[in-house]
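# Secondary and tertiary structure notes
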Amino acid sequence: MNHELLLGWWDTAARDLPWRRPDCTAWGVLVSEIMLQQTPVSRVEPIWHEWLARWPVPSAMAASSQGEVLRMWGKLGYPRRAMRLHEAATAIARDHGDVVPSDIETLESLPGIGSYTARAVATFAYGQKCAVVDTNVRRVVARAVHGAGDAGPPSTKRDLRDVEAILPSSQEDAAVFSAALMELGALICTAKNQKCADCPLFAECAWQLAGRPAYAGPEKKVQKFAGTDRQVRGRLLDVLRGAPGPVPKIQLDIVWSDITQREKCLVSLLDDGLVEQTRDGLFALPGEH
């Protein structure tokens, strides 16, 4: 893959996102990476600004209750991410002098921080040379390198090996290249309605050279939201986020008519620690009763 073509495109086409700016701390990068998991940039950016204004360092978040963090999380979805970030902030403040670690192994030892997030922080916050693989990167590599219509089922070892093989030798270039690969998949080499004519790799793309064959791999599952437990859990949490304190169960009962599904979702929220029940039977966000 021609590194210069992609790096040149990045210089002119990359979005100006706050967590990419030179003054953004590693903590700001970590917060963005957690928020951006399965959530579009347009929804993340305004909430990211609010979070960094309120919690500019991990210790500031660690000093807040889990309930406060969940309330600030709002409607970003998958609220367990907020809980994990609170746990990670607590560990960073307690064990690492309030500074996000720079090496992958230490990052992975933090609560709720997996391989992808650790590699993303090491690369985007500290400029390290390591493979960072998300859905967008997998799709770009599948097309540009392997000539496939899209990436098949993920394979951690194979995907990391594929990306490591095309990283520039320079550490500085490699970090920017990783961001550029991701941006290309997000803006140009998208799952549908690709903008191939605008792609800097058009002339050397293996998929183009092969005649753009259709994806022939296993059918991908389409995530639904309406009517799912995710939607019910979200509505239950909305009630608690909007309340000044613990609420009686009747206020939760009115958000969903299917009693069986509603009760199952409430129990799951209690099991996940996202909701707590008081001694007198009321319900609240964790730490808020």
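Since this is a predicted model, take the numbers as computed values, not measurements.

Moving on, we get to unusual backbone geometry. Look at Asp 98: it is not a glycine, yet its phi comes out positive at around 70 degrees. Relative to the elements of secondary structure, Asp 98 occurs in the loop between α6 (80–95) and α7 (104–108).

Remark: helix α1 (residues 3–13) packs on helix α11 (residues 171–187), axes separated minimally by 9 Å, with the N-to-C direction vectors making an angle of 70 degrees. The angle between α1 and α11 places the two elements in the roughly perpendicular class. Residues His 3, Leu 6, Leu 7, Trp 9, Trp 10 and Ala 13 of α1 pack against Asp 173, Val 176, Phe 177, Ala 179, Ala 180, Leu 181, Glu 183, Leu 184 and Leu 187 of α11. Partitioning the contact of α1 with α11 into residue classes produces 12 nonpolar, 1 polar and 2 charged.

Glancing now at the environment of Val 99. Residue position: Val 99 is located in the loop between α6 and α7. C-alpha separation for the pair Val 99 and Thr 25, spaced 74 residues apart in sequence, amounts to 9.3 Å. Excluding its chain neighbours within four sequence positions, the residues that come into contact with Val 99 are Ile 92 and Tyr 126.

Per the UniProt annotation, the sites labelled "domain: HhH-GPD" (unreviewed entry) are residues 35–187. End C-alpha atoms of residues 35–187 are separated by 19 Å, and the span's content is 62% helix alongside 0% strand.

If you walk through the whole model with that rule in mind, you get 17 salt bridges. A salt bridge links Glu 288 to Arg 71; the shortest N-O distance between them is 2.7 Å. With Glu 288 in the segment after β2 (283–284) and Arg 71 in helix α5 (residues 66–73), this pair connects stretches of sequence that are 217 residues apart. On the basis of relative accessibility, which here comes to 28%, the residue Arg 71 falls in the partly exposed class. Note that Lys 249 and Asp 253 form a salt bridge whose closest N and O atoms lie 2.8 Å from each other. Taken together, the residues Lys 249 and Asp 253, both in helix α14 (residues 249–253) and 4 residues apart, mark about one turn of the helix. Within this structure, Lys 249, Asp 253, Arg 262 and Glu 263 form a network of salt bridges that share partners.

The rules behind each value
- Residues numbered from 1 in each chain as written.
- Predicted model: local features only at pLDDT ≥ 70, side-chain atom pairs only at ≥ 80, totals over all residues.
- Heavy atoms only, no water.
- Helix = DSSP H or I, 4+ residues; strand = E, 2+ residues; numbered from the N terminus.
- Axes fitted to C-alpha atoms, helices over the stretch in contact; angles between N-to-C directions.
- Parallel < 35°, antiparallel > 145°, perpendicular 65-115°, else oblique.
- Contact = heavy atoms within 4.5 Å.
- Nonpolar A, V, L, I, M, F, W, Y, C, P; charged D, E, K, R; others polar.
- UniProt positions renumbered as here; feature names shortened; annotations may be inferred.
- Salt bridge = Lys/Arg side-chain N within 4 Å of Asp/Glu carboxyl O.
- Buried < 20%, exposed > 50% of the residue type's maximum accessible area, 1.4 Å probe, protein only.

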